[in-house]
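Each chain is listed here by its residues.
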Amino acid sequence: MAEQTHVLFVEDDDVIREATQLALERDGFAVTAMPDGLSGLEAFRARRPDIALLDVMVPGLDGVSLCRRIRDESTVPVIMLSARADSIDVVLGLEAGADDYVTKPFDGAVLVARIRAVLRRFGHAGGGRAEAGSAAADAGALTFGDLEVDTEGMEVRRAGQPVALTPTEMRLLLEFSAAPGTVLSRDKLLERVWDYGWGGDTRVVDVHVQRLRAKIGQDRIETVRGFGYKLKA
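Everything numeric in this text was worked out from a predicted model, so none of it was measured.

Peer 1: Could you give me a rundown of the overall build of the chain, with the residues and numbers involved?
Peer 2: When helices and strands are tallied, the chain shows eight helices and eleven strands. Looking at the chain residue by residue over its 233 residues, the buried ones come to 49%. Sequence separation of at least 24 residues holds for 59% of the intrachain contacts in the chain that already meet a minimum separation of 6. Element-wise, carbon and sulfur atoms account for 49% of the exposed surface of the chain, whose accessible area totals about 10,600 Å².

Peer 1: Summarise the pattern of salt bridges; cite the residues concerned and give the values.
Peer 2: Tallying each qualifying case throughout the model produces 15 salt bridges. Here R158 and D146 are joined by a salt bridge, their closest N and O atoms 3.8 Å apart. Placement of the pair is R158 in strand 8 (residues 155–158) and D146 in the loop between strand 6 (141–144) and strand 7 (147–150), with a sequence separation of twelve residues. Of the residues examined, R158 reaches a relative accessible area of 33% and is grouped as partly exposed. Residue R186 pairs with D206 through a salt bridge whose shortest N-O separation is 2.7 Å. Placement of R186 in helix 7 (residues 186–193) and of D206 in helix 8 (residues 203–216) is noted, with a sequence separation of 20 residues between them. Each of E11, D55 and K104 takes part in salt bridges that share partners, so that together they form one network.

Peer 1: An account of helix 7 is requested, with residue identities and associated values reported.
Peer 2: Of all the positions in helix 7, only L189, L190 and V193 are classed as buried. End-on, the buried residues of helix 7 take up no more than an arc of 105°, which puts them together on one face. Buried residues belonging to helix 7 abut helix 5 (108–121), helix 6 (167–178), helix 8 and strand 11 (228–231).

Peer 1: Which residues make up the sheet that holds strand 3 (residues 51–55), and what values go with them?
Peer 2: The sheet built from five strands is open, its strands ordered 2-1-3-4-5 with parallel pairing. Two strands bound the open sheet, and with one partner strand each, they are strand 2 (30–34) and strand 5 (100–103). Neighbour to neighbour, the strand axes of the sheet diverge by 20° on average, direction disregarded. Where strand 4 (residues 78–82) meets strand 5, four bridges bridge the pair, whose relative direction is parallel. Bridging from a neighbouring strand, M80 pairs with Y101 of strand 5. The strands touched by helix 2 (residues 37–47) within the sheet are strand 1 (6–10) and strand 2, with strand 1 carrying the most contacts at an inclination of about 165°.

Peer 1: How would you summarise the pairing of strand 3 if you had to cite specific residues and measurements?
Peer 2: Where burial is concerned, most of strand 3 is hidden: five out of the five residues are buried. Neither face of strand 3 is exposed, since I51, L53 and D55 on one face and A52 and L54 on the opposite face are all buried. Across four bridges, strand 1 lies against strand 3 in parallel orientation. Note that in strand 3 the partner of F9 across the bridge is L53. Where strand 3 meets strand 4, four bridges bridge the pair, whose relative direction is parallel. Paired with L53 across the strands is I79, a residue of strand 4. The parallel pair strand 3 and strand 4 is bridged by helix 3 (residues 63–73), and the resulting crossover is right-handed.

What counts as what
Residues numbered from 1 in each chain as written. Predicted model: local features only at pLDDT ≥ 70, side-chain atom pairs only at ≥ 80, totals over all residues. Heavy atoms only, no water. Helix = DSSP H or I, 4+ residues; strand = E, 2+ residues; numbered from the N terminus. Buried < 20%, exposed > 50% of the residue type's maximum accessible area, 1.4 Å probe, protein only. Contact = heavy atoms within 4.5 Å. Areas by Shrake-Rupley, 256 points an atom, 1.4 Å probe, with all protein chains shown as cover. Salt bridge = Lys/Arg side-chain N within 4 Å of Asp/Glu carboxyl O. Arc of directions from axis to C-beta. Pairing = 2+ DSSP bridges. Axes fitted to C-alpha atoms, helices over the stretch in contact; angles between N-to-C directions. Right-handed = clockwise from strand over helix to strand, strands pointing away.

By themselves, these figures tell us nothing about what the structure is for.
Right, dumping it as structure tokens:
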């Protein structure tokens, strides 16, 4: 029998926490559910889950701060839960290192689909190495100015120094590296990197591009207004 995927779920609403835990367990996940951020951080450090599902508004240590603490220690995938799609908390969560977010109230089937999509792009249920995107998997070592991308070893160097990327950031860079100089729309990136088979919030793309720029150079990825982004060859 395959090992169960372990989900850390942090949610202070008792009804939502218990109902969601039951729904995830019915779908075959092992779930550790915690009511606040501090206990969530303790559970993360003690049990090292495969994925973390964090509500933004939890007591003690809010979800955004918890995400930031997790990201300081691990590249494990993180999905934020927010009560409002237009909330600034969504952007703050993504900037803190979250890979995706789901708006409350959510349908259980949609939540499971988003969890599985995140896990797929992390390579396996254990949240390991990111899979290579598109044609980049066979490209080997690529060089763009002072940026070196090893698509086989999944390593990135800038001016000879290693660059630490999350699996989602790595997949995003691989998509750009596979077609340098080609404009990739936000919708296309959502489809290829986030595995969205439906329309998604393009803020997810924008924030991840900002995070990637901060690591590989602000001028390396160019914004093509009204169309998307491209990697400067």
